[in-house]
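# Chains, contacts and geometry: an overview
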Number of protein chains: 2
Amino acid sequence: MTRVLVVDDEPQIVRALVINLRARTYEVDAAHDGASALRLAAARHPDVVVLDLGLPDMDGVEVIRGLRGWTRVPILVLSARHSSDEKVQALDAGADDYVTKPFGMDELLARLRAAVRRAEPAGGGADDMIVETGEFTVDLAAKKVGRAGKDVRLTPTEWHLLEVLVRNSGRLVGQKRLLQEVWGPSYGTETNYLRVYMAQLRRKLEADPSHPKHFITEPGMGYRFEK
Amino acid sequence: MTRVLVVDDEPQIVRALVINLRARTYEVDAAHDGASALRLAAARHPDVVVLDLGLPDMDGVEVIRGLRGWTRVPILVLSARHSSDEKVQALDAGADDYVTKPFGMDELLARLRAAVRRAEPAGGGADDMIVETGEFTVDLAAKKVGRAGKDVRLTPTEWHLLEVLVRNSGRLVGQKRLLQEVWGPSYGTETNYLRVYMAQLRRKLEADPSHPKHFITEPGMGYRFEK
DNA sequence: ACCGTCCTTGACGGAACCCTGACGCACCCG
DNA sequence: CGGGTGCGTCAGGGTTCCGTCAAGGACGGT
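What this report covers is the structure whose coordinates are included nearby. (Residues numbered from 1 in each chain as written. Chains lettered and ligands numbered in written order. Predicted model: local features only at pLDDT ≥ 70, side-chain atom pairs only at ≥ 80, totals over all residues. Heavy atoms only, no water.)

### Things to note about the overall build of chain A
Counting secondary structure elements, chain A contains 8 helices and 12 strands. Scored against the burial criterion, the 227 residues of chain A give a buried share of 51%. Across chain A, the fraction of contacts at a sequence separation of at least 24, relative to all contacts at a separation of at least 6, is 57%. With an accessible surface of roughly 10600 Å², chain A has 50% of that area assigned to carbon and sulfur atoms. (Helix = DSSP H or I, 4+ residues; strand = E, 2+ residues; numbered from the N terminus. Buried < 20%, exposed > 50% of the residue type's maximum accessible area, 1.4 Å probe, protein only. Contact = heavy atoms within 4.5 Å. Areas by Shrake-Rupley, 256 points an atom, 1.4 Å probe, with all protein chains shown as cover.)

Next up, the structure:
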């Protein structure tokens with residue numbers, strides 16, 4: 001299932017896009033300003049972003065930079081402005097495509113398909129990664145965690161944090177990097193978030209949460225996941 | 001150096017593109033029909049293809065399919081036709097972008113940069129530099145130190161000091177430089193810090209801490225790490 | 001409009017860490 | 001032979017950092 005994040009401040013455009021995308025079995029999130037767009041992108045990990053440049057709270061190019069700070073997700077820019085300068089700016093900031101309003105829905109969808117297609121891993125990526133420990137199993141592709149034969153229920157943030165740690169299995173991940181990957185690029189010092197969510201992960205997955213064997217704290221530096 | 005293959009049957013457009021691209025230090029090949037385009041692509045392996053759909057010998061979409069049969073090289077389509085149908089066809093056949101003539105050179109170049117950029121290999125290279133001695137192992141990427149099969153726990157300052165020494169393996173590092181790299185630029189004379197933390201490193205890593213073989217003191221000058 | 005889930009935020013005890021000063025030792029030089 | 005300098009060691013105290021809990025608020029679904 002492909003997940004799309006639609007960012008636009010005009011409700012009718014958002015609605016049109018959402019309806020068309022859902023009809024084609026995309027999973028769609030919507031945001032109406034830059035701040036929530038960045039937050040949603042961090043929380044939901046869309047496979048492609050459709051971004052209107054004319055947002056109420058911040059410049060669209062800033063949103064692109066905010067995304068590009070930590071992800072290579074395809075960004076498809078919508079804009080009412082035809083000026084060549086605008087396009088160049090957006091594309092060089094990291095956008096993948098630029099469509100001017102008014103746009104044809106067919107064309108937009110085709111461009112969206114193209115963006116998603118080329119983002120797919122080249123040669124059968126090892127994305128079906130399953131990591132097992134003595135006590136639980138993490139299926140990165142299926143986004144599922146199992147323990148003692150039963151599925152463990154994780155909230156989006158918990159899963160996101162777990163995913164970053166597991167993808168860097170064995171390596172230390174600095175707290176700043178964790179915060180930026182999970183909560184977005186504007187975070188970096190709010191270490192209390194990490195404390196809270198690491199505690200939840202340990203409570204749900206560790207055999208003895210007060211003496212963790214897999215989610216290891218490196219004081220002053222970050223955390224490390226160990227099989 | 002980025003290599004571009006330009007495919008168009010109109011000589012003036014080819015010339016304009018070639019001049020503009022060469023001026024920006026791209027390496028450019030040109031073809032005037034589909035057959036030679038496919039041949040040139042196979043022979044020269046361009047990093048991006050700029051393809052006009054209106055070719056004399058074959059349908060542009062066929063050219064796209066011909067390329068997609070064996071390569072994922074980015075394809076940027078040029079076309080005089082604005083019809084939504086054409087665009088959808090080309091994009092779904094495997095094109096990455098679609099620009100209608102007449103086009104602005106700035107915009108085309110920006111789209112070309114975008115296409116090349118996202119084709120670049122993903123993550124910054126896995127910098128898994130590992131340094132081994134007879135007694136312990138330092139993994140700079142994972143920020144991990146192992147000794148006799150077990151992980152050794154280092155505090156942030158200990159790790160930082162070790163990292164500077166290891167990255168200058170074999171070379172003498174002056175105490176002033178060590179202090180400034182680990183404790184910050186305003187330090188430089190507090191050599192007692194060094195004494196304390198060198199002692200901790202030796203205690204944790206040397207077989208015989210009182211007769212160090214790897215963390216060597218150069219009296220009056222600094223310290224040196226030796227495998 | 002209500003309810004449940006999830007995220008955020010603040011507070012607090014305890015642990016880990018960093019700095020500091022004191023002391024002993026080896027070496028060099030007067 | 002005695003004083004000085006630089007280095008290694010140790011232990012205590014202050015500070016930062018972490019784990020835990022609970023309450024408040026935002027959001028979505030019924």
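### Observations regarding the pairing of strand β5 (residues 97-100) of chain A
Residue and element names in this part refer to chain A. Here β5 shows two buried faces, one formed by Asp 97 and Val 99 and the other by Tyr 98 and Thr 100. Sheet topology places strand β4 (residues 75-79) next to β5; 4 bridges connect them, and they run parallel. Pairing of Val 77 across the sheet is with Tyr 98, part of β5. (Pairing = 2+ DSSP bridges.)

### So, the protein's contact with DNA strand C
Near DNA strand C lie 16 residues; those nearest to it are Thr 157, Trp 183 and Tyr 193 of chain A together with Thr 157 and Tyr 193 of chain B. Taking the atoms of DNA strand C that fall within 4 Å of the protein, sugar and phosphate contribute 86% of them. A distance of 2.7 Å separates a phosphate oxygen of DNA strand C from a polar atom in the side chain of Thr 155 of chain A. With respect to DNA strand C, the side chain of Tyr 197 of chain A contributes an N or O atom lying 3.0 Å from a sugar or linking oxygen. Elements with a contribution of two residues or more to the surface near DNA strand C: α6 (156-167) and α8 (191-205) of chain A together with α6 (156-167) and α8 (191-205) of chain B. Split into classes, the residues belonging to the surface near DNA strand C amount to 11 nonpolar, 4 polar and 1 charged. (Near = heavy atom within 4 Å. Polar contact = N/O pair within 3.5 Å; in protein donor to acceptor, adjacent residues only side chain to side chain. Nonpolar A, V, L, I, M, F, W, Y, C, P; charged D, E, K, R; others polar.)

### Observations regarding the nonpolar core
Membership of the largest hydrophobic core comes to 28 residues, with the highest contact counts inside it found for Val 7, Val 49, Leu 51, Ile 64, Leu 67, Ile 75 and Val 77 of chain A. Of all elements in the fold, only β1 (3-7), α2 (34-44), β3 (48-52), α3 (60-68), β4 and α4 (84-93) of chain A together with α5 (105-119) of chain B reach the threshold of two or more residues within this core. Not counting residues up to four positions away in its chain, the partners in contact with Leu 51 of chain A are Val 7, Gly 60, Val 63, Ile 64, Ile 75, Leu 76, Val 77 and Leu 78 of chain A. Counting residues in hydrophobic clusters, the runner-up holds 27 residues, among them Leu 165, Leu 178, Leu 201 and Tyr 223 of chain B. (Core = buried A, V, L, I, M, F, W, Y, C linked by side-chain atoms within 4.5 Å.)

### What about α6 of chain A?
Residues and elements named next belong to chain A. Here α6 contains 12 residues, and its C-alpha end-to-end distance of 16 Å stays within 8% of the 16 Å for a straight helix at 1.5 Å per residue. Of all 12 residues making up α6, 9 are buried, and the element is well covered by its neighbours. When we look at burial in α6, the residues that qualify are Glu 158, Trp 159, His 160, Leu 161, Leu 162, Glu 163, Val 164, Leu 165 and Val 166. (Expected span 1.5 Å × (residues − 1).)

### Remarks on the side chain of Asp 29 of chain A
Residue and element names in this part refer to chain A. Looking at the secondary structure, you find Asp 29 in strand β2 (residues 27-31). Asp 29 gets classed as buried once you look at its relative accessible area, which sits at 12%. Those residues in contact with Asp 29 that lie beyond four places of it in its chain are Arg 3, Val 4, Leu 5, Val 6, Leu 40 and Arg 44.

### Here's the deal with the pattern of salt bridges
All told, the structure shown has 41 salt bridges over all chains when counted by the stated rule. Among the ionic pairs, Arg 68 of chain A bridges to Asp 96 of chain A, the shortest N-O distance being 2.8 Å. Linking Arg 68 of chain A in helix α3 with Asp 96 of chain A in the loop between α4 and β5, this pair joins segments that are 28 residues apart in sequence. You can call Arg 68 of chain A partly exposed: its relative accessible area is 24%. Residues participating in the shared-partner salt-bridge network are Lys 87, Asp 97, Glu 107 and Arg 111 of chain A together with Lys 87, Asp 97, Glu 107 and Arg 111 of chain B. (Salt bridge = Lys/Arg side-chain N within 4 Å of Asp/Glu carboxyl O.)

### Regarding the protein's contact with DNA strand D
By nearness alone, 16 residues border DNA strand D, and Arg 195, Arg 202 and Thr 217 of chain A together with Arg 202 and Thr 217 of chain B come closest of all. Of what DNA strand D places within 4 Å of the protein, 57% of the atoms are sugar or phosphate. At a separation of 3.4 Å, a phosphate oxygen of DNA strand D approaches a polar side-chain atom of Gln 175 of chain A. Residue Thr 217 of chain A places a side-chain N or O atom 2.5 Å away from a phosphate oxygen belonging to DNA strand D. Secondary structure elements with two or more residues in the surface near DNA strand D: α8 of chain A together with α8 of chain B.

### A look at the interface of chain B and chain A
Facing 31 residues of chain B, the contacting portion of chain A comprises 33 residues. In total, chain B and chain A occlude about 2600 Å² of area from one another, counting both sides; carbon and sulfur atoms represent 43% of this. At the junction of chain B with chain A, the criterion picks out 9 salt bridges. Here Asp 96 of chain B ties to Arg 118 of chain A by a salt bridge, and the two come within 3.1 Å at their closest N and O atoms. Taken together, the elements giving at least two residues each to the side of chain B that touches chain A come down to α4 (84-93), β5 (97-100), α5 and α6 of chain B. Counting residues per element, the side of chain B that touches chain A draws most heavily on α5 of chain B, which supplies 8 residues. (Buried area = accessible area lost by both parts, 1.4 Å probe.)

### Section: unusual backbone geometry
The phi torsion of most residues other than glycine is negative, and most of the peptide bonds are trans. The omega angle of the peptide bond from Lys 101 of chain A to Pro 102 of chain A is -5°, so this bond is cis rather than trans. For Pro 102 of chain A, the location among the structural elements is in the loop between β5 and α5 (105-119). A positive phi angle is found at Thr 25 of chain A, which is not glycine, with a value near 65°. For Thr 25 of chain A, a relative accessible area of 57% corresponds to the exposed category. The backbone phi angle of Lys 143 of chain B is positive, close to 50°, even though this residue is not glycine. The exposure class of Lys 143 of chain B is partly exposed, given its relative accessible area of 28%.

### Comments concerning the pairing of strand β12 (residues 222-225) of chain A
All names here are of chain A. Bridge count between strand β10 (residues 172-174) and β12: 3 bridges; the pairing is antiparallel. Directly across from Val 173, in β12, lies its bridge partner Tyr 223. In terms of strand pairing, strand β11 (residues 215-218) meets β12 through 4 bridges, oriented antiparallel. When the sheet's bridge partners are listed, Glu 218 is paired in β12 with Gly 222. The hairpin turn running from β11 into β12, its antiparallel successor, is 3 residues long, and Gly 220 in that turn takes a positive phi close to 80°.

### A few points about the packing of aromatic side chains
Residues and elements named next belong to chain A. According to the stated counting rule, one finds 12 aromatic pairs over all chains in the structure shown. Ring centres 6.0 Å apart and planes at 5° place the aromatic pair Phe 136 and Phe 215 in the stacked group. With Phe 136 in strand β7 (residues 136-139) and Phe 215 in strand β11, this residue pair connects regions lying 79 residues apart in the sequence. The same class applies to Phe 136 as to Phe 215, namely buried. Aromatic pair Tyr 187 and Tyr 193: ring centres 6.0 Å apart, planes at 45°, arrangement tilted. On the accessibility criterion, Tyr 193 (30% relative accessible area) is partly exposed. Taken together, the ring pairs connect Trp 183, Tyr 187, Tyr 193 and Tyr 197 into an aromatic cluster. (Phe/Tyr/Trp six-rings, centres within 6.5 Å; stacked < 30°, edge-to-face > 60°.)

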